[in-house]
Amino acid sequence: MNDLTDLTIAESLAKLKAKEISPVELTQAYIKKLDENHKYNAYITLTAEKALQDAHEAEKRYANNTNRSLEGVPLGIKDLFCTKDIKTTACSHILDNFIPQYESTVTQNLLDNGALFLGKLNMDEFAMGGSNETSYFGPVVNPWSKETPLVAGGSSGGSAAAVAAKMCAAATATDTGGSIREPSAFCGVTGIKPTYGRCSRYGIVAFASSLDQAGPICKDVTDCALLLNCMAGYDAKDSTSSKREVPDFSSFIGMDIKGLKIGIPAEYRPDGLNKEVASYWDKAAKILEDCGAEIIHINLPHTKYALPTYYVIAPAEASSNLARYDGVRYGLRVDGNGLDEQYINTRTAGFGAEVKRRILIGTYVLSAGYYDAYYLKAQKVRRLIKNDFDEAFKKCDLILTPTSPVEPFAIGDTKMLENPINMYLNDVFTVSVNLAGLPAMSLPIGLSQHGLPLGMQLIGRAFDEGTIFKAAYHLERGANFVRM
Ligand code: GLN
């Protein structure tokens, strides 16, 4: 092993426990990678010095055998998670000087398990976007880019790029409509959005509260299980967090999938679907079949309404959540003549174009006279989408789909930027999962003819991440994707 950053978390932990490597060495190796790769713009804030201090503490714990489950593992944290005394910006100008006085539950759980934080990762502003181009700090560059700089996917582009380029052992991320899965697919890494309620949302800057969920982005499936074990769990500070027992996700790794029923939804395969994406989808089904799973054809009839439903509900909740940024209590303040003008000046200067667009759409669909036509209708369709999944899961145990209909595209792609709907269309395979509150993982399946990563998505029943881990492990082995 010439570079410690090539190791997965599972491999690193084995070597740390055997005292073949030290947490300080491991942390230094990641800091070196991070320094070499500033060009990707993955990190917004670095906490490398603190990470090194913590690595020394971790070293002591290994020496006296009080090491915890992620002792000395260097992570990157999406800049949507509040980190005590460390700047947390949501990649927005309105919060670019915000230093939280408290720690999010998910990051606290990771710290309690001995993880170290290398810094805060770039993302789309308030997690609104699919390409990490709406960040106040500029786009993240996909480490797989050839001549033209490509997008890393969004909104957790910094998380996915940092894991791909080995600038951290793994990263935290969040997913409201695909933000863990899409960047994972674009950067050739593995990410899971758990069931809504699995991870506490306490201390995560809110985008759309009924859809937001935290999860890990990692080098492989096994690491996702290890990390999710430490992130998940009931939290009294989030009334939507679940009291369901969190199983040991790692125990599903390597389990047999004979007889497991995998559903392929007809509605996810329109005639115009990208040929390569379609053929990798077939390949993934074949891999699972060869491992003993049974492929069955299912229907999710309301799929065509998923995008419009999501793009009503998510902006509606966003417009309400973002009302708190008024320049009065914290964040940016731009003074004006009286309070109203101060609000206007602050929000005009503080929010970027995409965030303003969402606030406008959200305010519109919630306003008297339009509420019934848009918001209420969207809520009803959301139920129908959920019912589709309930019906499908009577026939199958998992659903297999591509993660994204496209491969990573160029930063500044005019087609995507001149009409925001073109960007929204990329979320076609991911948003229904959030509307239904289900768990789903994206893992790399292979490279396109341009040498760019493509991802596959496995969707499970609510609170059945275990079955996803079971099948994903076999799919990963069959795909034999070579990490960067
Ligand atoms: N691309 C989607 C959006 O812009 C999803 C974002 C997310 O999951 N945070 O809303």
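Residues numbered from 1 in each chain as written. Predicted model: local features only at pLDDT ≥ 70, side-chain atom pairs only at ≥ 80, totals over all residues. Heavy atoms only, no water.

## Topic: the sheet that holds strand β3 (residues 116-121)
Within the open sheet, the 11 strands sit side by side as β1-β3-β2-β4-β6-β5-β10-β11-β9-β7-β8. Their pairing is mixed. Strand pairing shows two members of the sheet lacking a second neighbour, β1 (43-46) and β8 (294-298), which therefore form its edges. Strand-to-strand twist of the sheet, defined as the mean angle between neighbouring strand axes without regard to direction, takes the value 30°. With respect to the sheet, helix α2 (residues 23-36) is in contact with β1, β2 (74-78) and β3, its orientation differing from that of β3 by roughly 20°. (Pairing = 2+ DSSP bridges. Helix = DSSP H or I, 4+ residues; strand = E, 2+ residues; numbered from the N terminus. Axes fitted to C-alpha atoms, helices over the stretch in contact; angles between N-to-C directions. Contact = heavy atoms within 4.5 Å.)

## Structural notes on unusual backbone geometry
Between G154 and the following residue, S155, the backbone shows a cis peptide bond with an omega angle of 5°. With respect to the helices and strands, the residue S155 is situated in the loop between β3 and α5 (157-164). In this model, C91 sits at a positive phi of 55°, which is unusual for a non-glycine residue. Backbone geometry at N132 places phi at a positive 60°, although glycine is not the residue there.

## Observations concerning the side chain of S319
By the secondary structure assignment, S319 is in helix α9 (residues 306-321). Here the side chain of S319 touches A316 through a polar contact of 2.9 Å, landing on its backbone oxygen. Residues in contact with S319, not counting those within four places in the same chain, are I359, G362, T363 and L366. (Polar contact = N/O pair within 3.5 Å; in protein donor to acceptor, adjacent residues only side chain to side chain.)

## What to know about the site of the ligand
In the neighbourhood of the ligand, 16 residues make up the surrounding shell, with T176, G177, S179, Y310 and R358 lying closest. G129 places a polar main-chain atom, nitrogen or oxygen, 2.9 Å from an oxygen atom of the ligand. Residue composition of the shell around the ligand, grouped by class: five nonpolar, seven polar and four charged. (Near = heavy atom within 4 Å. Nonpolar A, V, L, I, M, F, W, Y, C, P; charged D, E, K, R; others polar.)

## Examining the nonpolar core
Of all hydrophobic cores here, the largest spans 156 residues; its most connected members are L110, F126, F389, L400, L458, F469 and L475. If you tally residues by element for this core, the top one is α9, at nine residues. If near-sequence neighbours (up to four positions away) are discounted, F389 is found in contact with Y268, L300, I399, S432, A436, L438 and I459. (Core = buried A, V, L, I, M, F, W, Y, C linked by side-chain atoms within 4.5 Å. Buried < 20%, exposed > 50% of the residue type's maximum accessible area, 1.4 Å probe, protein only.)

## Here's the deal with the pattern of salt bridges
Tallied over the entire structure, the rule returns 21 salt bridges. Here D238 ties to R201 by a salt bridge, and the two come within 3.6 Å at their closest N and O atoms. Placement of D238 in the loop between α7 (221-231) and β7 (261-265) and of R201 in the loop between β5 (190-193) and β6 (213-218) is noted, with a sequence separation of 37 residues between them. Between R358 and E354 there is a salt bridge, and its shortest N-O distance comes to 2.7 Å. A residue pair is termed a helical-turn pair when its members lie 3 or 4 positions apart in one helix, as R358 and E354 do in helix α11 (residues 353-366) at four residues. Exposure class is identical for R358 and E354. Each is buried. The network of salt bridges with common partners includes E354, R357 and R358. (Salt bridge = Lys/Arg side-chain N within 4 Å of Asp/Glu carboxyl O.)

## Considering the pairing of strand β10 (residues 440-447)
Burial analysis of β10 places seven of its eight residues in the buried class, which makes it a mostly covered element. Summarising the sheet, β10 and strand β11 (residues 453-460) pair through seven bridges and their orientation is antiparallel. Directly across from M441, in β11, lies its bridge partner L458. Counted between consecutive antiparallel strands, the loop separating β10 from β11 contains five residues, among which G451 sits at a positive phi close to 75°.

## Structural notes on the packing of aromatic side chains
Summed over the entire model, instances satisfying the criterion amount to 17 aromatic pairs. When the centroid spacing of 3.9 Å and the interplanar angle of 10° are considered together, the rings of Y311 and Y424 count as stacked. With Y311 in helix α9 and Y424 in helix α14 (residues 420-424), this residue pair connects regions lying 113 residues apart in the sequence. For the pair shown, Y311 and Y424 are each scored as buried. On the numbers, 5.8 Å between centres and 55° between planes, the contact of Y364 with Y374 is tilted. With a gap of 10 residues between them, Y364 in helix α11 and Y374 in helix α12 (residues 372-395) connect regions that are remote in the sequence. Here Y374 falls in the partly exposed class, since its relative accessible area comes to 37%. (Phe/Tyr/Trp six-rings, centres within 6.5 Å; stacked < 30°, edge-to-face > 60°.)

## What to know about the environment of R333
Looking at the element boundaries, R333 is found in the loop between α9 and α10 (339-350). Linking R333 and F186, residues 147 residues apart in sequence, is a C-alpha distance of 36 Å. Polar side-chain contacts of R333 include one of 2.6 Å to the backbone oxygen of G327. Here V328 takes part through its backbone oxygen, which lies 2.9 Å from a polar atom of the side chain of R333.

## Some details on α9
Here α9 spans 22 Å end to end across 16 residues, near enough to the 22 Å set by a 1.5 Å rise per residue. With 14 of 16 residues buried, α9 is to be regarded as a mostly interior element. (Expected span 1.5 Å × (residues − 1).)

## Re the packing of α7 against helix α16 (residues 465-479)
The N-to-C vectors of α7 and α16 enclose an angle of 155°; their axes lie 9 Å apart at closest approach. Compared by their axis directions, α7 and α16 come out roughly antiparallel. In this structure, α7 uses V221, T222, C224, A225 and L228 to contact α16, whose residues at the interface are E465, F469, A472, Y473 and E476. The class makeup of the residues in the contact of α7 with α16 is seven nonpolar, one polar and two charged. (Parallel < 35°, antiparallel > 145°, perpendicular 65-115°, else oblique.)

## Some words on the environment of G138
Mapped onto the elements, G138 comes out in the loop between β3 and α5. What makes G138 buried here is its relative accessible area of 18%. It is 21 Å that separates the C-alpha atoms of G138 and Y325, two residues lying 187 residues apart in sequence. Residues in contact with G138, not counting those within four places in the same chain, are N41, N122 and N132.

## Focus on α16
Residues spaced three or four apart along an α-helix point in a common direction, a consequence of the helix completing one turn every 3.6 residues. In this model, α16 (15 residues) spans 20 Å end to end at C-alpha, consistent with the 21 Å of a helix rising 1.5 Å per residue. With 12 of 15 residues buried, α16 lies mostly within the body of the structure. The set of residues buried in α16 consists of E465, G466, T467, I468, F469, K470, A471, A472, Y473, H474, L475 and A479. Lining the buried residues of α16 we find β5, α7, α8 (275-290), β9 (398-402), β10 and β11. Positive backbone phi, at 50°, marks N480, one or two positions downstream of α16.

Keep in mind these values describe shape, not function.
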